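# Coordinate inspection notes
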Amino acid sequence: MNRVDPTLAGLQSLEAVDRAVDRAGQAMRACQMSDGHWRFELEADATIPAEYVLLRHFRGETRDLDLERKIAAYLRRVQSEGGGWPLVHDGAFDLSASVKAYFALKTIGDDPEAAHMARARAAILEHGGAAKTNVFTRFLLALFEQVPWRAVPSMPVEIALLPRWFPFHLDKISYWARTVLTPLLVLQALKPRPAVPGAIGVAELFVTPPEQVSEWPAGAHQHWAWVKVFGEIDRALRIAEPQFPPATRKRAMDAAVAFVSERLNGEDGLGAIFPAMANAVLMFDALGYDKDEPRLAQARAALDKLLVIGEDEAYCQPCLSPVWDTALAAHALLEAGDAPSFAAVAKGLQWLEPLQVLDVKGDWAASRPLARPGGWAFQYANPHYPDLDDTAVVVMAMDRFMRSGGGKDYAQSMARARLWVEGLQSKGGGWAAFDADNTHHYLNNIPFADHGALLDPPSADVTARCVSMFAQLGETPERTVTLKRGVDALLDFQEADGSWFGRWGMNYIYGTWSALSALGALEFDLRSAPVRRAVAWLLAAQNDDGGWGERAESYRLDYRGFERASSTASQTAWALLALMAAGESDSLAVSRGIDHLVTTQGEDGFWDEPFHTATGFPRVFYLRYHGYPKIFPFWALARFRNLRRSTPPISRLGM
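Summary of the structure given here.

### Overview of the packing of aromatic side chains
- Within the structure shown, the criterion is met by 32 aromatic pairs.
- Here the aromatic rings of Trp176 and Phe617 are separated by 5.5 Å at their centres, their planes lie at 40°, and the arrangement is tilted. Of this pair, Trp176 sits in helix H7 (residues 175-190) while Phe617 is found in strand S8 (residues 614-617), placing the two residues 441 residues apart along the sequence. Each member of the pair Trp176 and Phe617 is classed as buried.
- Taken together, a centroid distance of 6.1 Å and an interplanar angle of 10° make the contact between Trp513 and Trp574 stacked.

### Some points on the nonpolar core
- Ranked by internal contacts, the top residues of the largest apolar core, which has 215 residues, are Met28, Trp176, Leu181, Leu328, Leu516, Phe632 and Leu637.
- The element best represented in this core is helix H12 (residues 322-336), accounting for 10 residues.
- Aside from chain neighbours lying at most four places away, what touches Phe632 is Leu328, Trp513, Ser570, Ala573, Trp574 and Leu577.

### As for the pairing of strand S9 (residues 621-625)
- Counting buried residues along S9, five of its five residues qualify, which places the element largely inside the surrounding structure.
- The two faces of S9 match: Phe621, Leu623 and Tyr625 on one face and Tyr622 and Arg624 on the other face are all buried.
- In this sheet, S9 lies alongside strand S1 (residues 42-43) in antiparallel orientation, the contact comprising two bridges. Paired with Leu42 across the two strands is Tyr625, which belongs to S9.
- In terms of strand pairing, S8 meets S9 through three bridges, oriented antiparallel. In the sheet register, Thr615 faces S9, and the bridge partner there is Tyr622.
- What sits between S8 and S9 in their antiparallel hairpin is a turn of three residues, with Arg619 showing a positive phi close to 75°.

### A closer look at helix H15 (residues 411-423)
- The end-to-end C-alpha distance of H15 is 18 Å, a good match for the 18 Å that 13 residues give at a rise of 1.5 Å each.
- Where H15 is concerned, the buried positions are Ser413, Met414, Arg416, Ala417, Arg418, Trp420 and Val421.
- Contacts made by the buried residues of H15 are with helix H14 (388-403) and helix H16 (460-472).

### Examining the sheet that holds S8
- Taken in spatial order, the three strands line up as S1-S9-S8 in an open sheet, and their pairing is antiparallel. A strand with exactly one partner marks an edge of an open sheet, and here the two such strands are S1 and S8.

### Quick word on the packing of helix H1 (residues 14-30) against H12
- Running from N to C, H1 and H12 point in directions that differ by 140°, and their axes come no closer than 11 Å. With respect to their mutual orientation, H1 and H12 come out oblique. For the element pair H1 and H12, the recorded crossing hand is left-handed. Residues Val21, Gly25, Met28 and Arg29 of H1 form the contact with H12, whose participating residues are Ala329, Leu333 and Ala336.
- Here the contact of H1 with H12 is composed, by residue class, of five nonpolar, one polar and one charged.

Criteria and thresholds
- Throughout this document, residue positions are counted from 1 along each chain, in the order its sequence is written.
- Local features are withheld for residues below a pLDDT of 70 in this predicted model, meaning they are given only at 70 or higher, and side-chain atom pairs are given and counted only at 80 or more; totals for whole chains, interfaces and linings count all residues.
- Each side-chain value is worked out from all heavy atoms of the structure, with water and hydrogens disregarded.
- Aromatic rings from Phe, Tyr and Trp, taking only the six-membered ring of Trp, are treated as a pair when their centres fall within 6.5 Å; an angle between ring planes under 30 degrees marks them as stacked, one over 60 as edge-to-face, and anything in between as tilted.
- Runs of H or I in DSSP of at least four residues are treated as helices and runs of E of at least two as strands, each being numbered from the N terminus.
- Each residue's exposure class comes from its accessible area (1.4 Å probe, protein chains only) as a fraction of the maximum for that residue type: buried when under 20%, exposed when over 50%, partly exposed otherwise.
- For this analysis, a nonpolar core means a set of buried residues of the types Ala, Val, Leu, Ile, Met, Phe, Trp, Tyr and Cys, connected via side-chain atoms within 4.5 Å.
- Any pair of residues with heavy atoms lying within 4.5 Å of one another is described as a contacting pair.
- In short, DSSP must find at least two bridges between two strands for them to pair.
- The length a helix should cover is 1.5 Å for every residue beyond the first.
- Fitted lines through C-alpha atoms serve as axes, helices being fitted only where they are in contact, and the angles separating the N-to-C directions of these axes extend from 0 to 180 degrees.
- We call two directions roughly parallel when the angle between them is under 35 degrees, roughly antiparallel when it is over 145, roughly perpendicular when it lies between 65 and 115, and oblique otherwise.
- Helix crossings fall into two classes, left-handed where the near helix is turned counterclockwise from the far one by less than a right angle and right-handed where it is turned clockwise.
- Polar here means any residue other than Ala, Val, Leu, Ile, Met, Phe, Trp, Tyr, Cys and Pro, which are nonpolar, and Asp, Glu, Lys and Arg, which are charged; Gly is therefore polar.

Structural data, given as structure tokens:
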């Protein structure tokens, strides 16, 4: 490995790094809310703002022309030159996103013969038309009476009454699928109509006449044999469903409504994610609730809290990320280590502490009934669905703060969180995001699961975060069975090429950062084969400009290797943090990466990053955290400076 002095070969001096860290720190502190927390925008693709517009139209709400104008401007801006809409910035055409965006723009009032609409329509037809969209899009088209209900897989609301031993049960699918599907079952049973039937349609987007659409394409991941089995089940359900006893249907509807009502979460919404929140609103409408009924009013208000409204554009976020943003910002500021940053972290952790869920046994308790609550959720409030990733990152921030001389004692909060994380370990030793042993993989072959994301199995990145937490708290694999099993699972997750898959960040760069950070916190042998293979993979993935970048295509099912992309600030920072955790802080690769970050920093102290670098569902739904290019480059630069100056020591830091 080439070792260099960073003042040579055109690389940045430590003084330049100091200046970059100071600018980023000042900018980060300026983003802090008055109550101590951070929240940055969270952007997905065109589907969420399009669905927001269509929901308002479906309900017959009074039109907000200014808001519609701004959402339309956003949708037009993110349209690709080829006419359609991608799932990621500068990405490939996506049929379902394109149909929804076109439908929304037409609903707002864009002329179908306008150039951008004509291009969109041509692209949609070229890709087979609206009949080939995914299940969720065809469900929306069925609601708007654009296709018959037979174009949507049969999902009887009686599913809500199935016993837990049955092959399909709501407890066997992920939290996001559970909260989206439950109100959807009621909608499919009631089949509500738009407030103004037939007002707007998109028949021009079909190759097959809409009234003839009766089949749905299988997901690329779905095995033909399972597809055939579930297809036969669907046909049988269509015949049997009309014969289901009315009393049973009422009991099932009541169960679904009770499920939603218990988890409604006030104005933070069902599951605190847009699709579930929108379905809850439509469910209450379909049941005939008055618009002022508290549950319906709260559910509808929750949607508006997701809006980002600017001077010229507006869009709807898929959810809000204040806990995640605050915890990550705290780590970066703790790395910077100056007094103003330390004071900002103190306020941030004081804001986080009372958000710990201590009194609600959420859905996770179905598989782990003996575990005590103790986690944090991703959003402002989501007590039924805390997650392991946020919890581990919050605990590590609290621990760092205390070890750095913070006056507040978070030991009790950390102890409760540690027990909850331990209790949610899956049988194989790894950790998932929200549940334990959510691994009924055959269910990803049901028609509803054409997106391939029905489950929440253990992943390398979340496992790494939990391992990091235990290691930072002073546990060792020799003393703690939970940690030993977690480390074994993490090593088993390593790919043949030396990388780790990133479930919640894009992709192998994110997973490899997570894993190497965990191994570094464990004081794992940095000369060992797993670490050396990971380092070699990262070095080979570095771009000529010194940074790193990775495309969403790396999630494809026929993965053939790393999908190189233009360097991004967040992915470069992950690679640098990973290499530094592996003992490579004085390597040429790290110095070149630091040089890239210093030279691309903006005048505002942050970095420009239009790309999506995070993941909702691989191959289906991606996220652009506006906070990532603010937090992670700042963090990596501060870590580099600290390692070069050997202060403060970072031994056993999990991130």
